[in-house]
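Spelled out, the chains give:
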Amino acid sequence: MNSRTPLVVSAAVFAVMLATSAWAWFQLPPGTPIPIHWGIDGQADGFAHGRYALFVIPFMTALITIVFWGIPAIEPRRLNLVASSKFYRAAWTGAILLLALTHGVALYAALHAGLRVGSVILAAVCLLLIVIGNYMGKTRSMFLGGVRTPWTLSSEYSWQRTNSLAGKMFVAAGAVGFAAAVALPGREASHVFLTAIAAAIVLSIVASYVYWRRDPERSPQP
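Cut-offs applied
Residues numbered from 1 in each chain as written. Predicted model: local features only at pLDDT ≥ 70, side-chain atom pairs only at ≥ 80, totals over all residues. Heavy atoms only, no water. Helix = DSSP H or I, 4+ residues; strand = E, 2+ residues; numbered from the N terminus. Contact = heavy atoms within 4.5 Å. Phe/Tyr/Trp six-rings, centres within 6.5 Å; stacked < 30°, edge-to-face > 60°. Buried < 20%, exposed > 50% of the residue type's maximum accessible area, 1.4 Å probe, protein only. Core = buried A, V, L, I, M, F, W, Y, C linked by side-chain atoms within 4.5 Å. Axes fitted to C-alpha atoms, helices over the stretch in contact; angles between N-to-C directions. Parallel < 35°, antiparallel > 145°, perpendicular 65-115°, else oblique. Salt bridge = Lys/Arg side-chain N within 4 Å of Asp/Glu carboxyl O. Nonpolar A, V, L, I, M, F, W, Y, C, P; charged D, E, K, R; others polar. Patch = residues over 30% accessible without salt bridge, like charges linked within 9 Å, V, L, I, M, F, W, Y side chains within 5 Å. Areas by Shrake-Rupley, 256 points an atom, 1.4 Å probe, with all protein chains shown as cover. Expected span 1.5 Å × (residues − 1).

S.K.: Teacher, can you tell me more about the environment of Arg140 here?
M.R.: Inspection of the secondary structure assignment puts Arg140 in the loop between helix H5 (118-136) and helix H6 (150-153). For the pair Arg140 and Val82, spaced 58 residues apart in sequence, the C-alpha separation works out to 8.9 Å. Beyond its immediate sequence surroundings of up to four residues, Arg140 is in contact with Asn80, Ala83, Ser84, Glu156, Trp159 and Gln160.

Written as structure tokens, this is what we have:
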């Protein structure tokens, strides 16, 4: 599988993140709390202390890059993963860019104490969900991506129809969440998004069973 493009993007993003962390090292006084988690209201509620915390997210990015790079070697249905390469590359690139945005937001929040930036991250998560949802309907059955239930993994019929439906629902949930992140306060926006994505997940699981039952090639159980 050709992983060159997301690998190059990951390396470039990692280098930029290291450079910005090095710059921030000299801008922040020792002991400055670095936000690494934001609550449902968009306010930072988790902090790492010490300037070495500036490099936590960059090295998380490196770790996730290694994981994505290694997925083709451990995926039991590798040929199906190759056939789903657009989904795989979009998920990889999107995850890295989301981490880059989170890193930038964390640095900005450290330099501007008290700033609420959770809605920015929520909006970015929603955009990533929209991108991934657009590719889900084109995936093939595999263990490391898509809607994986006992019924989709045992029935290509269920896999194709479930992931096509789930992709549309994830796009809708992402669009609803993005609109909420733009228009509503952090807590309310998060509630809207979590409700939308929870509904999409539950409906996808139910649909996978229904489609499995309808599979014309499913062997009758004794």
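Having seen it, we continue.
S.K.: Is there a simple way to think about the packing of aromatic side chains in this case?
M.R.: The way to describe two aromatic rings as a pair is by their centre distance and the angle between their planes. Tallying each qualifying case throughout the model produces seven aromatic pairs. Judged by centre distance (5.8 Å) and plane angle (75°), the ring pair of Phe14 and Phe59 falls under edge-to-face. Here Phe14 is found in helix H1 (residues 4-25), whereas its partner Phe59 is found in helix H2 (residues 56-74), with 45 residues between them in sequence. With centroids separated by 5.8 Å and ring planes inclined at 10°, the aromatic side chains of Phe68 and Trp92 adopt a geometry described as stacked.

S.K.: I tried to follow the environment of Met136 on my own but got confused; where do I start?
M.R.: Among the secondary structure elements, Met136 is positioned in helix H5. Assessed through its relative accessible area of 3%, Met136 is described here as buried. Ignoring anything within four residues of it in the chain, the contact list for Met136 reads Phe87, Gly146, Val147, Asn163, Ala166, Gly167 and Phe170.

S.K.: Please explain the nonpolar core as it appears in this structure.
M.R.: Burial of nonpolar side chains together is a common tendency in soluble globular proteins. Counting 37 residues, the largest nonpolar core has Phe68 and Met136 as the members making the most contacts within it. Contributing elements (two or more residues each) for this core: H1, H2, helix H4 (85-111), H5, helix H7 (156-183) and helix H8 (186-214). At nine residues, H4 tops the list of elements feeding residues into this core. Ala24, Leu28, Leu107 and Ala110 belong to the second largest nonpolar core, which has seven residues in total.

S.K.: Explain the packing of H7 against H8 here, please?
M.R.: The angle between the axes and the distance between the axes are what describe a pair of packed helices. Running from amino to carboxyl end, H7 crosses H8 at an angle of 170°, the nearest separation of the two axes being 9 Å. It follows from the interaxial angle that H7 and H8 lie roughly antiparallel.

S.K.: Looking at this model, I keep getting lost on the pattern of salt bridges. Mind explaining?
M.R.: Opposite charge on two side chains makes pairing possible when the charged atoms of those side chains draw close. Scanning all chains against the criterion turns up one salt bridge. Between Glu156 and Arg140 there is a salt bridge, and its shortest N-O distance comes to 3.4 Å. Placement of the pair is Glu156 in helix H7 and Arg140 in the loop between H5 and H6, with a sequence separation of 16 residues. Classification of Glu156 by relative accessible area gives partly exposed; the value is 29%. What makes Arg140 partly exposed here is its relative accessible area of 35%.

S.K.: I keep staring at the packing of H1 against H4 and nothing clicks. Help me out?
M.R.: Running from N to C, H1 and H4 cross one another at 10°; their axes reach a closest spacing of 10 Å. By the angle class used here, H1 and H4 are roughly parallel. When H1 is examined against H4, the residues Pro6, Leu7, Val9, Ser10, Val13, Met17, Thr20, Ser21, Trp23 and Ala24 are found in contact with a partner set consisting of Arg89, Trp92, Thr93, Ile96, Leu97, Leu99, Ala100, His103, Leu107 and Leu111. Residues of the contact of H1 with H4, tallied by class, amount to 14 nonpolar, five polar and one charged.

S.K.: Explain a nonpolar patch on the surface here, please?
M.R.: Nonpolar side chains collect at one region of the surface, where Val202, Val206, Tyr209 and Val210 lie side by side and expose about 320 Å² of accessible area between them. With respect to the helices and strands, Val206 occurs in helix H8. Owing to a relative accessible area of 46%, Val206 belongs among the partly exposed residues under this scheme.

S.K.: What is the right way to read H2 from this model?
M.R.: An α-helix turns once every 3.6 residues. As a result, residues three or four positions apart point the same way. For H2, which comprises 19 residues, the first-to-last C-alpha distance of 26 Å matches the rise-based estimate of 27 Å (1.5 Å per residue) to within 8%. Contacts made by the buried residues of H2 are with H1, helix H3 (78-83) and H4.

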